[in-house]
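Architecture and fold: a report
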Amino acid sequence: MQGERFTAPTPPGTRLLHIGPHKTGTTALQAAFHQARDTLREHGVVYAGPGRQAKDPAVAIARKDPTAAEREPWEAFCREAAEAGDLRFFASSEFFATASADAARTAVKELAGAGGVSGEGGGGGVHVVVTLRPLRKIMPSHWQQYVKHGLCESYETWLDAMLRKPPYEEPTPDFWHLQRHDELIERWAAAAGPENVTAVVVDEARPLWQFRVFEQLLDLPEEVLQPQESGGNSSLTQSEAELLLQLNRKLRERNWSTWRQGKVIREGVVPHLQSYEPAPNEPRITTPEWAETAVAEVAEQVAAGIAASGVRVVGDLEALSRRPATPVEPVTPTEIPTEAATEAVLGGILASAALAAKASPPAPAPAPEPEVPAARGALEDRPVRNVPVKDLVRVVARRAVRRMRG
């Protein structure tokens, strides 16, 4: 890979927009760019914004009928692009992928007006980059992200809805808008011109390959981009996912608001749970064979659509629809390792305490729940290595409610 050329650089003054989508290696890429932003400028590249990714501008431009105040992050983003002048301006956020076709056209038009070099296509000096992973890898990854945000449907139930129940919009209506990659590319190619769109197929066997491609797109020296420590977006094991599922269901039964649940689960339980290091042999989320077949059929359509789109493709497009050599039988967990359970309980308690200490939107008090006898529910009294998921859920929910009541 050393010194190997994968793609030609964009011209100086290009506004390079990496739109994700989610679950295609965006977190690692953004962390590497954020860490190297000073070095990037030395080589004529401005990495947009002060943070790891340009989420606020992306959300702003993707809004339907935004107010002037809601558009301000995007306006500031365009001003920063204009100030970059003849330097290459690079921005990355998977939230750009949420934009409609109209929003994509607006984004390209307004970003093209922010200076830079005019290109040959309708996008002017704007070049759009889409990173792609095999759909069969994205399905379990995206499902667990939904679970972290409150989804209550099991993986197989969710797969059934996404693959067998037209119009495939419930319970997660945004999934195919983001992950039907041929249609995503079509929307942005219509906005920028297919000659101004590059699709990068991530090579999971070579994790640094994606960095080298982006270095070449921006005419950077090799190895300017280096992998950074995980930003807390790691995959869940089967037992961790089952724990979150049951917590989500318990809190839904108690009519917790989305805001309140997010504070306790997404900002409390999940970060602490992910500080746990699972053993190599702990079962991971596995797609059943029937779904693997259905996903492969969709992936073949996606790959064919991208091939016919006229955009530049870097990487092995056939990898997007390649089927697994040996199907793996899914495992339904009944226990969670005690160390992981402890982290989850701690996260829920701390987040609930923080919420109770500050003003929060009024919410109806949940119905009291009988105490679980110590012999059945107290984690500290368990002499075993594993804790049944249902007992752990009761502990987290009971202690969170106590804290919320003050």
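Our subject is the structure that appears above.
Residues numbered from 1 in each chain as written. Predicted model: local features only at pLDDT ≥ 70, side-chain atom pairs only at ≥ 80, totals over all residues. Heavy atoms only, no water.

Section: helix α5 (residues 101-112)
The terminal C-alpha atoms of α5, which comprises 12 residues, lie 16 Å apart, in line with the 16 Å expected from a rise of 1.5 Å per residue. Considered for burial, the residues of α5 that qualify are Ala103, Ala104, Ala107, Val108 and Leu111. Buried residues of α5, viewed axially, fall in a sector of 135°; they line one side. Elements in contact with the buried residues of α5: β1 (15-18), α3 (55-62), α4 (68-83), β4 (126-132) and α9 (181-192). (Helix = DSSP H or I, 4+ residues; strand = E, 2+ residues; numbered from the N terminus. Expected span 1.5 Å × (residues − 1). Buried < 20%, exposed > 50% of the residue type's maximum accessible area, 1.4 Å probe, protein only. Arc of directions from axis to C-beta. Contact = heavy atoms within 4.5 Å.)

Remarks on the side chain of Thr172
As for its position among the elements, Thr172 is in the loop between α7 (155-164) and α8 (175-179). In this structure the side chain of Thr172 is engaged in a polar contact, spanning 2.9 Å, whose partner is the side chain of Trp158. (Polar contact = N/O pair within 3.5 Å; in protein donor to acceptor, adjacent residues only side chain to side chain.)

Brief notes about the pattern of salt bridges
For the coordinates displayed, the defined rule picks out 16 salt bridges. Residue Arg105 pairs with Asp102 through a salt bridge whose shortest N-O separation is 2.1 Å. Of this pair, Arg105 and Asp102 are both found in helix α5, three residues apart, which corresponds to roughly one turn of the helix. Using a relative accessible area of 40% as the deciding quantity, one classes Arg105 as partly exposed. A salt bridge links Glu300 to Arg323, with the shortest nitrogen-to-oxygen separation between them at 3.7 Å. Of this pair, Glu300 sits in helix α13 (residues 289-307) while Arg323 is found in the loop between β6 (312-314) and β7 (335-337), placing the two residues 23 residues apart along the sequence. By relative accessible area, Arg323 is classed as partly exposed at 41%. Each of Arg71, Glu75 and Glu110 takes part in a single network of salt bridges with overlapping partners. (Salt bridge = Lys/Arg side-chain N within 4 Å of Asp/Glu carboxyl O.)

Notes on the pairing of β1
Burial along β1 is two-sided: the face carrying Arg15 and Leu17 and the face carrying Leu16 and His18 are both buried. Pairing of β1 with strand β3 (residues 88-92), which is carried by four bridges, proceeds in the parallel orientation. Across the sheet, the residue bridging to His18 is Ser92, located in β3. As paired strands, β1 and β4 are joined by four bridges and run parallel to one another. Its bridge partner being in β4, His18 is matched across the sheet by Val129. (Pairing = 2+ DSSP bridges.)

Things to note about the environment of Ile185
In this fold, Ile185 is placed in helix α9. The exposure class of Ile185 is buried, given its relative accessible area of 0%. Between the C-alpha atoms of Ile185 and Val311, which are 126 residues apart in sequence, the distance is 8.3 Å. Excluding anything up to four places from it in sequence, Ile185 contacts Val130, Leu132, Ala199, Ile306, Ser309 and Val311.

Section: unusual backbone geometry
Working note: non-glycine residues mostly have negative phi, and peptide bonds are mostly trans. With an omega of 5°, the peptide bond running from Gly20 to Pro21 counts as cis. Along the polypeptide, Pro21 turns up in the loop between β1 and α1 (26-35). The omega angle of the peptide bond from Pro166 to Pro167 is 5°, so this bond is cis rather than trans. Residue position: Pro167 is located in the loop between α7 and α8. Positive phi, close to 55°, is recorded for Asp219, a residue that is not glycine. Assignment of secondary structure puts Asp219 in the loop between α10 (209-217) and α11 (238-253). Non-glycine residue Asn255 carries a positive phi angle of around 60°. The class of Asn255 is exposed, set by a relative accessible area of 60%.

What about the packing of aromatic side chains?
Applying the stated criterion across every chain, the model contains 15 aromatic pairs. With a centroid separation of 5.5 Å and 70° between ring planes, the pair formed by Phe6 and Trp209 is classed as edge-to-face. Here Trp209 lies in helix α10 and Phe6 lies in the segment before β1, a separation of 203 residues in the sequence. Taken together, a centroid distance of 6.4 Å and an interplanar angle of 75° make the contact between Trp74 and Phe96 edge-to-face. Here Trp74, found in helix α4, pairs with Phe96, found in the loop between β3 and α5; they are 22 residues apart in sequence, far enough to count as distant. Both residues of the pair, Trp74 and Phe96, belong to the buried class. Connected via pairs of aromatic rings, a cluster forms that spans Trp143, Tyr146, Tyr155, Trp158, Phe175 and Trp176. Over the ring of Trp290 we find Arg164; its NZ or CZ atom is 3.6 Å from the centre of that ring. Residue placement shows Arg260 over the ring face of Trp256; its charged tip is 4.2 Å from the ring centre. (Phe/Tyr/Trp six-rings, centres within 6.5 Å; stacked < 30°, edge-to-face > 60°. Lys NZ or Arg CZ within 6 Å of the ring centre and 35° of its normal.)

Comments concerning the packing of helix α6 (residues 135-148) against α13
In a pair of packed helices, the angle between the axes and the distance between the axes together describe the arrangement. As a packed pair, α6 and α13 sit with axes 9 Å apart at the nearest point and diverge in direction by 120°. One way to sum up the angle between α6 and α13 is to call them oblique. Contacts from Leu135, Arg136 and Met139 in α6 reach Glu292, Val295, Val298 and Ala299 in α13. Here the contact of α6 with α13 is built from residues that sort into five nonpolar, no polar and two charged. (Axes fitted to C-alpha atoms, helices over the stretch in contact; angles between N-to-C directions. Parallel < 35°, antiparallel > 145°, perpendicular 65-115°, else oblique. Nonpolar A, V, L, I, M, F, W, Y, C, P; charged D, E, K, R; others polar.)

Here we look at the environment of His127
For His127, the position within the fold is in strand β4. Judged by relative accessible area, which is 6%, His127 ranks as buried. When the C-alpha positions of His127 and Thr198 are compared, they lie 7.7 Å apart, and in sequence the two are 71 residues distant. One polar contact links His127 to Thr198, side chain to side chain, over a distance of 2.7 Å.

Such coordinate-based values are descriptive only and should not be taken to indicate function.
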